[in-house]
Amino acid sequence: MGFAYGLPMPPAAPSPSSAPRPVAVELVALTKRYAQGQPAVDSIDLRIASGSYCCLLGPSGCGKSTTLRMIAGHETVSSGDVLLEDRNITDLPAAARGTAMMFQSFALFPHLTALDNVAFSLKMKGVAKAERQAKAQDLLERVAMGHLAQRKPGELSGGQQQRVALARALITQPKVLLLDEPLSALDPFLRIQMRAELRRWQKELGLTFIHVTHSQEEAMALADTMVVMNHGLIEQVGSPHEVYNKPATEFIARFMGGHNVLQTPTGKIAVRNDHMRIEVDGEGIAATVTDVEYQGTYVLLGLDAENADARTGVSVMLPESVFADRPYALGEHVRLSWATSHAHALAA
Ligand code: ADP
Ligand code: MG
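Residues numbered from 1 in each chain as written. Chains lettered and ligands numbered in written order. Predicted model: local features only at pLDDT ≥ 70, side-chain atom pairs only at ≥ 80, totals over all residues. Heavy atoms only, no water.

A. Geometry of the packing of helix α2 (residues 114-124) against helix α4 (residues 158-170). Running from N to C, α2 and α4 cross one another at 25 degrees; their axes reach a closest spacing of 7 Å. Judged by the angle between their axes, α2 and α4 are roughly parallel. Of the two possible hands of crossing, α2 and α4 adopt the one that is right-handed. Together, A114, N117 and V118 of α2 and V164, A167 and R168 of α4 make up the contact between the two elements. Classifying every residue of the contact of α2 with α4 gives four nonpolar, one polar and one charged. (Axes fitted to C-alpha atoms, helices over the stretch in contact; angles between N-to-C directions. Helix = DSSP H or I, 4+ residues; strand = E, 2+ residues; numbered from the N terminus. Parallel < 35°, antiparallel > 145°, perpendicular 65-115°, else oblique. Left-handed = near helix turned anticlockwise from the far one by under 90°. Contact = heavy atoms within 4.5 Å. Nonpolar A, V, L, I, M, F, W, Y, C, P; charged D, E, K, R; others polar.)

Shown next as structure tokens:
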């Protein structure tokens, strides 16, 4: 909605704290069928808040990349719609959508300087050299890489390469940045460093990021909103805190890890393994210690218990000092219990 010059100003927007954030991307009954049978993405509905960091999380093959590619315009939609800021972009070509993609391992051209990597898409569009180089330099300044514009990727650290990749994705002035497993090819140390950088840049730039990952740890570290997918469906949407503390389904409790799924007379429940009580005797369920794993701050006990799945057993996470005061040995018989407030019912 535009206001003509000279007309009264619209009323001031409500403060961000009282108003829900506007929606950047909306998916409406979005479906992708590659073949007969269950679709790869099965009529999903989702609203992603503007300026938020959204992670699409789920096991391999659950439909994350297909969803991202349909948002990007790299994959046709079988049915349903993709809206960007209320504009229906379902049938627009990728370059006309207002989205940009950042690929795995950054995919920079090794023979081009940082500046020419960033300017590349403008070159393809036929933008004159002086103009595209000025824009590219400006973007490199924004990600604190201006002074290294003439270096080639091989002369940059992993973190610096990621910033060049970010600048390259931003040169088309996207409203939404799409990232498909951008960190999964990196070694674990660099991956943790790079994810902190990604989150910092997202907040600094105020852009909407949609990041696909199969790592629940990565999603929890990055996301404002986690969207957990399974078999082409969305099983839960929430903050990392909500999803971790109130997993909606058995699948999510098991996929997120750190939970015990237990059968009780009233139904199936999830209890975090650091919320389990372990005693030598008492009222709890009978269990036998089968594994003791030292993890530094914590000690992780594996146990066989009567109410648990025989394949997965039960785990109990004890602070190191608690374990040091009362160590448990392999084969020891114990009782397990939990506060009812820590038991979370799972949907059937
Ligand atoms: P994820 O990214 O979550 O690992 P994908 O979206 O890549 O999952 O794949 C979802 C499902 O669709 C999988 O069963 C996969 O084999 C199938 N699939 C993905 N791409 C294609 C394709 N181009 N042609 C046929 N099937 C595909
Ligand atoms: Mg994928």
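B. Examining the packing of aromatic side chains more closely. According to the stated counting rule, one finds three aromatic pairs in the structure shown. When the centroid spacing of 5.6 Å and the interplanar angle of 15 degrees are considered together, the rings of F251 and F255 count as stacked. A residue pair is termed a helical-turn pair when its members lie 3 or 4 positions apart in one helix, as F251 and F255 do in helix α8 (residues 250-256) at four residues. The cationic tip of R168 hangs over the ring face of F109; the distance from NZ or CZ to the ring centre is 5.9 Å. The ring centre of Y328 lies 4.5 Å from the NZ or CZ of R326, which sits over that ring. (Phe/Tyr/Trp six-rings, centres within 6.5 Å; stacked < 30°, edge-to-face > 60°. Lys NZ or Arg CZ within 6 Å of the ring centre and 35° of its normal.)

C. Examining the sheet that holds strand β2 (residues 41-49) more closely. An order of β2-β1-β4-β5 is seen for the four strands of this open sheet, with the pairing classed as antiparallel. Of all the strands in the sheet, the pair left with one neighbour each is β2 and β5 (87-88). As paired strands, strand β1 (residues 23-32) and strand β4 (residues 79-84) are joined by five bridges and run antiparallel to one another. Counterpart to L27 in the pairing with β4 is V82. Helix α1 (residues 64-72) rests against β1, β2 and β4 of the sheet, and its axis sits at about 120 degrees to β1. (Pairing = 2+ DSSP bridges.)

D. Spatial organisation of the pattern of salt bridges. A complete count under the given rule lists 13 salt bridges for this structure. With its nearest N and O atoms 3.3 Å apart, the salt bridge here joins R47 to E26. Of this pair, R47 sits in strand β2 while E26 sits in strand β1; the two residues are 21 residues apart in sequence, bridging distant segments of the chain. Since its relative accessible area comes to 55%, R47 is described here as exposed. Put simply, R272 and D274 hold a salt bridge, and the shortest N to O gap is 2.8 Å. Judged by its relative accessible area of 17%, R272 is buried. Several salt bridges converge on common partners, so that one network encompasses K32, R69 and E75. (Salt bridge = Lys/Arg side-chain N within 4 Å of Asp/Glu carboxyl O. Buried < 20%, exposed > 50% of the residue type's maximum accessible area, 1.4 Å probe, protein only.)

E. Just the sheet that holds strand β13 (residues 277-279), in detail. Taking strand neighbours across the sheet as the criterion, the five strands line up as β13-β17-β14-β15-β16 in an open arrangement whose pairing is antiparallel. This sheet does not close on itself; its edge strands, each paired only once, are β13 and β16 (314-319). Strand-to-strand twist across the sheet, computed as the mean angle between neighbouring axes with direction ignored, equals 45 degrees. As paired strands, strand β14 (residues 285-294) and strand β15 (residues 298-305) are joined by seven bridges and run antiparallel to one another. For V289, the partnering residue across the bridge sits in β15 and is L303.

F. Expanded view of helix α3 (residues 129-142). Across its 14 residues, α3 extends 20 Å between first and last C-alpha, which sits within 8% of the 20 Å expected from 1.5 Å per residue. Among all positions of α3, only R132, A136, L139 and L140 are buried. Along the axis of α3, the buried positions cluster into a sector of 100 degrees, meaning they face one direction only. Against α2 and α4 lie the buried residues of α3. Count one or two residues on from α3 and you reach A144, which has phi positive near 60 degrees. (Expected span 1.5 Å × (residues − 1). Arc of directions from axis to C-beta.)

G. Seen up close, α4. Helix length check: α4 (13 residues) gives 18 Å between terminal C-alpha atoms against 18 Å at 1.5 Å per residue, within 8%. Of all 13 residues that make up α4, eleven are buried, and the element is covered over most of its length. Buried residues of α4: G158, G159, Q162, R163, V164, A165, L166, A167, R168, A169 and L170, and no others. Packed against the buried residues of α4 are β6 (99-102), α2, α3, β7 (176-180), α5 (188-205) and β8 (208-213).

H. Here's a closer look at the layout of surface pockets. The volume enclosed by the largest pocket comes to roughly 620 Å³. Taken together, 22 residues line the largest pocket, and the ones lying closest to its centre are A100, M101, S121, R168 and T172. Elements represented by at least two residues in the lining of the largest pocket include exactly β6, α2 and α4. If one sorts the elements of the lining of the largest pocket by residue count, β6 sits on top with four residues. Here the lining of the largest pocket is composed, by residue class, of 14 nonpolar, five polar and three charged. By volume, the second largest pocket amounts to about 290 Å³. Lining the second largest pocket are 14 residues, and of these L139, R142, L170, I171 and Q173 lie nearest its centre. Among the elements that take part in the lining of the second largest pocket, α3 stands out by supplying four residues, more than any other. In terms of residue class, the lining of the second largest pocket is made up of eight nonpolar, two polar and four charged. (1 Å grid on protein atoms, 1.4 Å probe; cavity = no way out; pocket = protein on both sides within 12 Å on 5 of 7 lines; lining within 4 Å. Points joined across faces, edges and corners; volume = space filled by probe spheres on them.)

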